[in-house]
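Spelled out, the chains give:
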Amino acid sequence: MGQAGRKRGKRFIFLLFVLSFFSALMAVQLPASSQDILIVLDPGHGGEDTGVIGAGGLAEKDACLDLALRVKKRIDQRLGYPTLLTRSRDLTLSLKERASQANNHLGSVYISIHLAGFPDQSFQGFGTYTFDPSQTMLFSNKEMTPTLPQWDAQQLPHLESSRRLARMLHETLQNGLPEQRDLGIHAMPIYPFGALGMPAVLIEPAVLTSPIQEDQLRQVEFKEEIAESIFQGIDEWIRSAYPGERHE
Ligand SMILES: [Zn+2]
């Protein structure tokens, strides 16, 4: 290799260095591909665990599954991303099994659908919940350093995304159910949310112990309004979490 060749060689190596530096930078900045999106829908309770039962006999487990299937149908038809239902029928399923399913399938987002129950039958509305690690911290040594067992610490890197997801879903519930009372967004030590390695929220779009809301939950129109609101929140979250991807 002559003088000119060595110069070209050095320039080439420098160019390679610059290129690899920028591609590393790009790899950090580029969002995950929408091809990786897996939406996990978790209909609360199931099987022997009925959840709340309304005065008229409607079980939370059945109403939650009904709502989750309506949300899934919208995702299938309008987004086309795969959905994982933690249960698609009346099945007893532990909370840990639900979290394992979501983690093992590398879920991108976890939405648990429940209905609220209150001793006061006049209480109605919708609420949204995220995981609050502060109340589940275990103190493992004399310095009182808060630590969580690894299984229960997987939600920690996703707390901010979960809060953002909660705000989006709550807002679409506010818009979709303008007649309903807003019971707010709350952080709670929900089991097994600490174990979920993805943004996760629990929503209670209605209160089943309210006879008025139990009646509403038997009407297709109300169920469709709830499902549409949840769908809108998921759609909005995907658009913000995966910007630049083509969305129909
Ligand atoms: Zn429940």
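Structure: see above.
Rules and cut-offs
- Residues numbered from 1 in each chain as written.
- Predicted model: local features only at pLDDT ≥ 70, side-chain atom pairs only at ≥ 80, totals over all residues.
- Buried ≥ 20, exposed ≤ 12 C-beta atoms within 10 Å, placed from the backbone.
- Helix = DSSP H or I, 4+ residues; strand = E, 2+ residues; numbered from the N terminus.
- Pairing = 2+ DSSP bridges.
- Axes fitted to C-alpha atoms, helices over the stretch in contact; angles between N-to-C directions.
- Parallel < 35°, antiparallel > 145°, perpendicular 65-115°, else oblique.
- Left-handed = near helix turned anticlockwise from the far one by under 90°.
- Contact = placed C-beta atoms within 7 Å.
- Nonpolar A, V, L, I, M, F, W, Y, C, P; charged D, E, K, R; others polar.

Draft legend 1. Spotlight on the pairing of strand 8 (residues 200-204). With respect to burial, strand 8 is a largely interior element, five of its five residues being buried. Neither face of strand 8 is left uncovered, since the one carrying Ala200, Leu202 and Glu204 and the one carrying Val201 and Ile203 both have all their residues buried. Two strands pair when backbone bridges link them, and strand 3 (residues 109-113) and strand 8 are joined in this way by four bridges, in the parallel orientation. Bridging across to strand 8, tyrosine 110 finds its partner in alanine 200. As judged from the three bridges shared by strand 4 (residues 126-131) and strand 8, these two strands associate in the antiparallel manner. Opposite glycine 127, over in strand 8, you have glutamate 204 as the bridge partner.

Draft legend 2. Highlighting the packing of helix 2 (residues 60-78) against helix 6 (residues 220-241). The contact between helix 2 and helix 6 brings their axes to 9 Å, and the two run at 50°. In terms of axis orientation, helix 2 runs oblique to helix 6. In this structure, helix 2 crosses over helix 6, and the sense of that crossing is right-handed. From helix 2, Asp66, Leu67, Arg70, Val71, Arg74 and Ile75 reach across to helix 6, where they touch Lys223, Glu224, Ile226, Ala227, Glu228, Ile230, Phe231 and Ile234. For the contact of helix 2 with helix 6, the residue count by class is eight nonpolar, no polar and six charged.

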